[in-house]
Amino acid sequence: MRLASRLAHVEESATLKVTRRAAELRAAGREILSFGAGEPDFDSPAVAVRAAQRALDDGFTRYTPASGIPELRRSLADRYAADHGAPWAAEQFLITVGGKAALFELAIALFEPGDEVIIPTPCWVSFPDQIRLAGAEPILVPTQAEGGFELKADPILEAISPRTRAILVNSPSNPTGGILPAAELEKLVRGAAAAGIYLISDETYEFFLYDDRSYASAAAWAKRFPETVVLVGSFSKTYAMTGWRVGYAAGPSEVIGGAARVQGHATSNPTSFAMVGALAALEGAAPQVAEMVGEFAARRDLLVAGLNELPGFRCDPPAGAFYTFPDISGLKSHGLESSLEVTEFFLEEASVAVVPGVAFGTDDHLRLSFACSRANIEQGLQAMRCALVRRIG
Ligand code: GLU
């Protein structure tokens, strides 16, 4: 018996693995301070919870249209038209089982063996593996750490070959928090259109921006380049609704129709009452989002300051998302050679869970989420400091 060869180069998701290991250790009685998976610790908005409960009480528990409930597609179309002047009709939104499923279904619908997809790195763990599962090849283009991993269009556009089918960007970035400035986004959108390839923009962290930065959404370019701009979004992070599993894709009718066909054979509709909750969040939870982002800004400062006090660490404040991505290459001289070794060290010696940078494409970094309580951040920093002092002296 054997597994399909397409799995040969696909690992367990590193972010989910950290969560799993932390849960296992907790179940075994160990107290773990986790900076692992990016998952807001806030409650889901009360309006969403109430709407989903009402939907259940009303018996809204059967299949819905496979592409999602029309009300949610329409509301998203209204939101993107109002916020970004996007021309997308409700039918050009596909509601999916989280943003992850949107990206996967797009990959299956658009890419095949022989195709290349350009991804700036460090990048989210699932990007390259989803492309590989579709049989295509991820082309990884490194982003400079200097300047906070800000994304630049030129190196990405220079990587375009006759086999390139798409560029996949994520701003603010998981794991670096780096952003794609408006001028660079414009260059990318224009460059992709000129090359006849898709620009897929994963905007999962669009609301998580700090220091008064404003957001440049690819949706603003969809009117000018309706054939090539594709957007992916999620309710998970914005509304602290990770477990509900509701995300979406928007773009050219043909592309969304292709991904919808995949979804029709893969999951059918996302959970009926979860979509009702997502709709209520979209229409009524903006105040909670603002409150959460304000709190995350304070946590970011707390974590960045603390990390910079640890021996061997260097950490710039991230512009967005809710991850710090410190450089830990200074630990090499103390015998901690790789990000995996450092991750193991903190788990064993400090009961602290982090994600190794190597999972995102760089071995000189760690990822620590600050979507966790201030107490977790303070205790985690203290435990890491003690473990490092014991080791280094
Ligand atoms: N996207 C989050 C993270 O990177 C959740 C886990 C996952 O889906 O990868 O931590």
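Residues numbered from 1 in each chain as written. Predicted model: local features only at pLDDT ≥ 70, side-chain atom pairs only at ≥ 80, totals over all residues. Heavy atoms only, no water.

A. Structural view of the overall build of the chain. Check the secondary structure of the chain and you find twelve helices and twelve strands. Relative to the 2.2 N^0.38 estimate, which gives 21 Å for 393 residues, the radius of gyration of the chain is 21 Å and therefore close to what a compact globule would have. Across its three principal directions, the C-alpha atoms of the chain cover 60 × 55 × 55 Å. In the chain, which comprises 393 residues, the proportion classed as buried is 56%. When contacts within the chain are restricted to residue pairs at least 6 apart in sequence, long-range pairs at least 24 apart make up 74% of them. Approximately 16700 Å² of the chain is accessible, and the part contributed by carbon and sulfur atoms is 51%. For the chain, the distance from the average site of its 35 positive side-chain charges to the average site of its 47 negative ones is 3 Å. (Helix = DSSP H or I, 4+ residues; strand = E, 2+ residues; numbered from the N terminus. Rg over C-alpha atoms; globule rule 2.2 N^0.38 Å. Buried < 20%, exposed > 50% of the residue type's maximum accessible area, 1.4 Å probe, protein only. Contact = heavy atoms within 4.5 Å. Areas by Shrake-Rupley, 256 points an atom, 1.4 Å probe, with all protein chains shown as cover. Lys, Arg positive; Asp, Glu negative; His and termini not counted. Charge placed at Lys NZ, Arg CZ, Asp CG, Glu CD.)

B. Fine view of the sheet that holds strand β6 (residues 198–202). A sheet is described by the order of its strands in space; here seven strands give the open sequence β2-β8-β7-β6-β5-β3-β4, paired in mixed fashion. In this open sheet, the two edge strands, each paired with only one partner strand, are β2 (93–96) and β4 (137–142). Strand-to-strand twist in this sheet, taken as the mean axis angle between neighbours without regard to direction, amounts to 20°. Of the pairings in the sheet, the one linking strand β7 (residues 229–234) to strand β8 (residues 247–250) comprises four bridges and is antiparallel in character. Each bridged residue has a counterpart across the sheet, and for Val-232 the counterpart in β8 is Ala-249. Taken strand by strand, helix α3 (residues 70–84) contacts β2, β7 and β8, and its axis lies near 125° from that of β2. (Pairing = 2+ DSSP bridges. Axes fitted to C-alpha atoms, helices over the stretch in contact; angles between N-to-C directions.)

C. Representation of the site of the ligand in the model. The immediate surroundings of the ligand are formed by Thr-15, Leu-16, Ala-37, Gly-38, Lys-100, Trp-124, Asn-174, Lys-237, Tyr-323 and Arg-367. For the ligand, an oxygen atom lies 2.7 Å from a polar atom in the backbone of Gly-38. In the model, a nitrogen atom of the ligand is placed 3.2 Å from a nitrogen or oxygen of the Lys-237 side chain. Summarising the interface, the protein chains cover 89% of the accessible area of the ligand, which totals 280 Å² for the free molecule. Its residues assigned to classes, the shell around the ligand comprises four nonpolar, three polar and three charged. (Near = heavy atom within 4 Å. Polar contact = N/O pair within 3.5 Å; in protein donor to acceptor, adjacent residues only side chain to side chain. Nonpolar A, V, L, I, M, F, W, Y, C, P; charged D, E, K, R; others polar.)

D. Representation of the packing of aromatic side chains in the model. Under the criterion given, the structure shown has 23 aromatic pairs. The structure contains a cluster of three or more aromatic residues connected by ring pairs, namely Phe-42, Tyr-205, Phe-208, Tyr-210, Phe-296, Phe-322, Tyr-323 and Phe-370. Stacked on the ring of Tyr-80, the Lys or Arg Arg-79 has its end atom at 4.3 Å from the ring centre. (Phe/Tyr/Trp six-rings, centres within 6.5 Å; stacked < 30°, edge-to-face > 60°. Lys NZ or Arg CZ within 6 Å of the ring centre and 35° of its normal.)

E. Structural detail: the pattern of salt bridges. A complete count under the given rule lists 20 salt bridges for this structure. Put simply, Asp-83 and Arg-79 hold a salt bridge, and the shortest N to O gap is 3.0 Å. In this pair, Asp-83 and Arg-79 are both assigned in helix α3, four residues apart and thus about one turn of the helix distant. Classification of Asp-83 by relative accessible area gives partly exposed; the value is 47%. Note that Asp-301 is salt-bridged to Arg-300, the shortest N-O span being 3.2 Å. Here Asp-301 falls in the partly exposed class, since its relative accessible area comes to 43%. In this structure Arg-300 comes out as buried when scored by relative accessible area, which is 4%. Through salt bridges with shared partners, one network takes in Asp-41, Glu-295, Arg-299 and Arg-374. (Salt bridge = Lys/Arg side-chain N within 4 Å of Asp/Glu carboxyl O.)

F. Main features of the sheet that holds strand β11 (residues 355–356). Read across the open sheet, the three strands follow the order β9-β12-β11; overall the sheet is antiparallel. Looking at strand neighbours, the two that pair on one side only are β9 (323–324) and β11, the edges of this open sheet. Where β9 lies against strand β12 (residues 366–369), two bridges are found, and the strand directions are antiparallel. Paired with Thr-324 across the strands is Leu-368, a residue of β12.

G. A look at the environment of Glu-349. The residue Glu-349 is located in helix α11 (residues 339–350) in this model. Of the residues examined, Glu-349 reaches a relative accessible area of 40% and is grouped as partly exposed. For the pair Glu-349 and Met-384, spaced 35 residues apart in the sequence, the C-alpha separation amounts to 8.1 Å. Beyond its immediate chain neighbours, meaning those up to four positions away, Glu-349 contacts Ala-387 and Arg-390.

H. View of the nonpolar core. Membership of the largest hydrophobic core comes to 90 residues, with the highest contact counts inside it found for Leu-72, Trp-88, Phe-313 and Phe-346. Ranked by residues supplied to this core, first place goes to helix α9 (residues 272–284) with eight residues. Contact partners of Phe-313, with chain neighbours within four places excluded, come to Leu-307, Asn-308, Pro-326, Asp-327, Ile-328, Leu-331, Phe-346, Leu-366, Met-384 and Leu-388. Core analysis: the next-biggest nonpolar cluster, separate from the first, contains 38 residues, Ala-102, Ile-131, Ile-200 and Phe-360 among them. (Core = buried A, V, L, I, M, F, W, Y, C linked by side-chain atoms within 4.5 Å.)

Any functional reading would require information that these geometric values do not contain.
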